[in-house]
Amino acid sequence: YSPKPGMDEVEIDFTPPFKRISMIEGIEEAMKEKLPELDDPEVDAKLLVLLKKHGVECSPPHTTARLLDALVGDFLEDNITHPTFITEHPQIMSPLAKYHRSKKHLTERFELFAAGRELANAYTE
């Protein structure tokens, strides 16, 4: 696979099992700092500060879901080469998914990414 014309080719390993990354934990690890709590009344303002600090762009409206989506796109999705499941999406981003059985504000949802592209999206109803 060649990410862009003229770039070196990258071999993608589809050997299972595929890596799993919890969305919020993965963003925090990649950014090297904690995200605000999702029930914080100032969550949008705090996320916007983090986006600006890390040079991540997000066009208005600056809702919690759009701000989180910008972060996951920049810090996780775009950097995945080998098949990887991004799991445990926030409820605010997944209104049709069943709420996680043991983790507050998260859902039982996953997306499968490889080569920076989404290959699958599923959730418990």
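Owing to the predicted nature of the structure, the values given are computational and were not obtained by experimental measurement. Residue positions are counted from 1 within each chain, in the order its sequence is given. At least 70 in pLDDT is required for a residue's local features to be given in this predicted model, at least 80 for side-chain atom pairs to be given and counted, and no such filter applies to totals for whole chains, interfaces and linings, which use all residues. Neither water nor hydrogens contribute to the side-chain values; these are computed over all heavy atoms in the structure.

1. Some remarks on the overall build of the protein chain
Our working definition: The helix count covers DSSP runs of H or I at least four residues long, the strand count covers runs of E at least two residues long, and both are numbered beginning at the N terminus. Radius of gyration means the value over C-alpha atoms here, while the globule rule gives 2.2 Å times the residue count to the 0.38 power.
Across its full length, the protein chain carries 3 helices and 4 strands. Ordering the α and β elements of the protein chain from the N terminus gives β-α-α-α-β-β-β. Against the 2.2 N^0.38 benchmark of 14 Å for 125 residues, the protein chain shows a C-alpha radius of gyration of 15 Å, consistent with a compact globule. By its C-alpha atoms, the protein chain is 45 × 35 × 25 Å across when sized along the principal axes.

2. Observations regarding the sheet that holds strand S4 (residues 117-123)
We count it as follows: Strand pairing requires that DSSP identify at least two bridges connecting the strands. Throughout, an axis means a line fitted to C-alpha atoms (over the contacting stretch in the case of helices), and angles, computed between N-to-C directions, take values from 0 to 180 degrees. What makes two residues a contact is simply this: any of their non-hydrogen atoms within 4.5 Å.
Taken together, the 4 strands give an open sheet; going across it, the order is S1-S2-S3-S4, and neighbouring strands pair in mixed fashion. Looking at which strands have only one partner, the edges of the open sheet turn out to be strand S1 (19-22) and S4. Strand-to-strand twist in this sheet, taken as the mean axis angle between neighbours without regard to direction, amounts to 25°. Pairing of strand S2 (residues 84-87) with strand S3 (residues 109-114) involves 4 bridges; the strand directions are antiparallel. The residue of S3 that forms the bridge with Thr 87 is Phe 110. Seen against the sheet, helix H1 (residues 23-31) touches S1 and S2 and runs at an angle of roughly 85° to S1.

3. Some details on the pairing of S4
Relative to S4, S3 runs antiparallel, the two sharing 6 bridges. Looking at S4, one finds that Arg 109 is bridged to Tyr 123. Between S3 and the antiparallel strand that follows it, S4, lie 2 residues; Ala 115 among them carries a positive phi value of about 55°.

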